[in-house]
Structure formats: structure tokens, C-alpha cells
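Structural characterization, general
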Amino acid sequence: MEGHPSDMNQGSTPPIPSPSGVPFPPPGPDSQQAFHQGAGAPVLQSGVAFTPTSEKTRRNTKRAVLAVVACAILAVVAIVGVTIANWTRTPEAKVREYLELLAAGKANAATAMVDPDLSNEDRVFVTDEAMASASSRLEIEDVEESESGRSKNRTVIATMRLDGERFTRLFRVNQGDSTLGVLKNWKIQDAMVSRVSVSGDHVPAVSVGGVTHDRDPNSSSGSFVMVYPGVYTFTAEGLGDYLQADPVTVAVKAAETAEPGGTIASVDLKATFTDKMEKAALDAAVAATYSCGSVPGNIEKVCPFPVQSTTLALLEVKKVPTSMKLSSSLSNTYVGEAVFRLQETSSWLDTKPYDLRRSVSLTPKFDDKRKLMLDASGKPEFEISFNS
């Protein structure tokens, strides 16, 4: 029996294409059986395959997200940190930091922070050693900016106490280059050094806390030294055994502004002669009296004029000075009394011996540096004169 032509081509007829363009899989025995059993049309299967995400990929994605979040958090923290840091980097904070160094006696650190623009000679007392001797240093009461604003040039006023006395000081503070472009930097323009006038005749040097400074020998009115605020004791140096001077303690504050030339305090070191000087003057007066009362010393110009004769029949010392006292009218001069016994020689006059009473004055010699001049034996040299 011959089959229908359609039945003959059944095995070779290509499958009907699916709407997706992907051909249906050829019908198998199960599908045909299902069809004939009334199971309905066969289920179409798509040709697109979805690969599940691997565990490694998910971990990398999670790490990337966490890194982005961390960077964002760090950026916010950095911004907040810079803001907070700049709140503390203010002109007031800079001035307070400087004053706290001075209050603690850290002169060297304060100088490194704000250079006082002084010569090496003028820096001798602007040191830790000199400041350590201060019996009192400044106390900080208040530091505030006098004018707020966005200017790079600010003024800060500080209120302080020294030895119980309140004083104020204005500071000029300028903004400098920022650190890393974001952190503000401020610089104080004026160091708080104070000028002290030091006077005192015959005082070649002065010390503070064991640090010695030679005075200007060419200054007739005195000399000047620079110190940080504090209560200091100034001591005369280089006086030797024949001079003495009491130390002077003075409170050195600061000028209200940093204008140059102002003197904050004055020190007068009054040098007086010691007992050794009085003894040396007496010895020198006695020696001069004996020299003038004998030949050939009597012809020296220092001797009284009547004694300077080469025709005396009698010349002797009747009384030498027994004490030397400082003159009330002559500065730094010792005065005593000597008596000579004289008799003139004359062929036509009847001369008699007589007493010549003279005051003898001795003034110690000082060199151009106000230092006492000593002879080879280490004793003072004197200007000697016999007055009527």
C-alpha cells in the first residue's frame, strides 16, 4: 500500500522556525507521544543561555564599592580635619603660643619663633640662661584679635601681668604661605624684647644671671641692653677689689607697641670705693708727703710750691696724713692733711723755721673703659695734688 506523499516526506521536512529565529529542536519520540496523547503543544525553549555570576566577581564588586565609600569618607574626614585645624591656627593662637614660651622662660625657643632682629652683642641677655635668673616672669591673662576679618594682616592684643602689675601689648600678625595649600600659617612680626638703660660711673660691665655684657666705653650717659619681660637683678662686673656696687633689681615689662627706641626700665649701678681703696689712698698720700719732704723728691711738680726750693735750710715732714676721707665737693677724691717744717736760707734776712700746712688730694685714675688703673704691684694709681 502506498502512502500519502506527505507521509513520505515527513521524515525529511525541516522544522518550522521559531519566532526568535532559533529553530525548534527536531521532534523526538517523547514529543510526538506527548502530542498524540493530547499533552498540548510542545514547550518552546529559548536559544539564549544566562551564565550565573561567580563568587569571585561578586567579591570584587563588593570591594570596589567599599573602596569608593571609604574614599568618600576619607575626603569628608580630611575636609573636616582641615577645617578644625584652621580653627586652631589663628593669629590669637600664634601669639598665645609665643607668650607661653616666654612665660615658661624658654627664651631660645621664643627667639627661634620670632627673631628680635638684634646684633649678636645685643642678644646676650635674650637667652635661656639670663631668663632663668628672673625672679618673676609674665603671666598671660587674655589674648584676642583686636579686629576680625579676612585680611592677611591682623592685630592681636595681649593682656599680661608682671610682678602683680597689668600691662598690654599689641602684636602685628601676618598670614604666610599655607602648608599643603590648605593649612593656614601666621607669623608674628614683632618680638617682645624690651630696652633697659644701664648707667653707673666706673662700671665696665654688667651681668644678668651670670651672663656678662661689656658696656659701651664711649657712652657718657650709659648703655642699653635688651631683655624679654621679667624681673631681673643687674650686677656690676669688673670692679675688682677697690670698687663695689649694690645689685639692682627691676621689673622689665614691654612697650604697648613695638615701636623702636623706647626705654622700658632704667638701672643705675652706683659704684663706691671699698675700704681697700681708702687704705690705698692713705698709703699713697703718706708716700707722697715723705717724698715731698725730702731731697730730691721735693722738686717734683706735685709737691707744694714752697717746698720746691733748692735753697732751703730746713725741710722735713712734721705730720703725715693719718686718714683719708672722701671730699664732699670733689667727686671720687680723697682728702687728708700733711704738715711740712721749712726754713729758708738767706744771707741778709733772719729766717726762722715755720710749718707749712697743706691738704693732700688723691683721685683714683680710670681708663677709657671706666676700669680702675693699677700699677705694677696691683695698687690703684692716683692723681695727687697738695693744695693750700
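Coordinates for the structure precede this section.
Right, let's walk through the structure included here. Model, not experiment: these values are computed from the prediction.

**What about the sheet that holds strand E3 (residues 165–175)?**
If you walk across this open sheet you meet the four strands as E1-E2-E3-E4, and the pairing is antiparallel. Each edge of the open sheet carries a strand with a single partner, namely strand E1 (139–145) and strand E4 (186–188). For this sheet, the mean angle separating the axes of adjacent strands, direction not counted, is 30 degrees. Relative to strand E2 (residues 153–162), E1 runs antiparallel, the two being bridged by six bridges. Bridging from a neighbouring strand, Glu144 pairs with Ile157 of E2. Helix-sheet contacts for helix H4 (residues 91–103) involve E1, E2, E3 and E4, and the interaxial angle to E1 is about 160 degrees.

**Focus on the pattern of salt bridges**
Counted by the stated rule, this structure contains twelve salt bridges. The partner of Asp115 in a salt bridge is Arg123, and the shortest N-O contact between them spans 2.8 Å. Salt-bridge contacts for Glu141 lead to Arg166; the nearest nitrogen and oxygen are separated by 3.0 Å. Here Glu141, found in strand E1, pairs with Arg166, found in strand E3; they are 25 residues apart in sequence, far enough to count as distant. Here Glu141 falls in the partly exposed class, since its relative accessible area comes to 36%.

**Concerning the environment of Cys292**
Positionally, Cys292 belongs in helix H7 (residues 275–292). Sequence separation of Cys292 and Gln308 is 16 residues, and the distance between their C-alpha atoms is 8.1 Å. With sequence-adjacent residues up to four places away left out, Cys292 is seen in contact with Gly297, Asn298, Val302, Cys303, Pro304, Val307, Leu315, Phe340 and Phe386.

**Observations regarding empty space enclosed by the protein**
One pass over the structure, following the stated rule, counts one cavity of 30 Å³ or more. Its boundaries defined by the atoms lining it, the largest cavity holds a volume of some 30 Å³. Ranked by residues supplied to the lining of the largest cavity, first place goes to strand E8 (residues 223–227) with three residues. Split into classes, the residues belonging to the lining of the largest cavity amount to five nonpolar, one polar and two charged.

Definitions and cut-offs
Residues numbered from 1 in each chain as written. Predicted model: local features only at pLDDT ≥ 70, side-chain atom pairs only at ≥ 80, totals over all residues. Heavy atoms only, no water. Pairing = 2+ DSSP bridges. Helix = DSSP H or I, 4+ residues; strand = E, 2+ residues; numbered from the N terminus. Axes fitted to C-alpha atoms, helices over the stretch in contact; angles between N-to-C directions. Contact = heavy atoms within 4.5 Å. Salt bridge = Lys/Arg side-chain N within 4 Å of Asp/Glu carboxyl O. Buried < 20%, exposed > 50% of the residue type's maximum accessible area, 1.4 Å probe, protein only. 1 Å grid on protein atoms, 1.4 Å probe; cavity = no way out; pocket = protein on both sides within 12 Å on 5 of 7 lines; lining within 4 Å. Points joined across faces, edges and corners; volume = space filled by probe spheres on them. Nonpolar A, V, L, I, M, F, W, Y, C, P; charged D, E, K, R; others polar.

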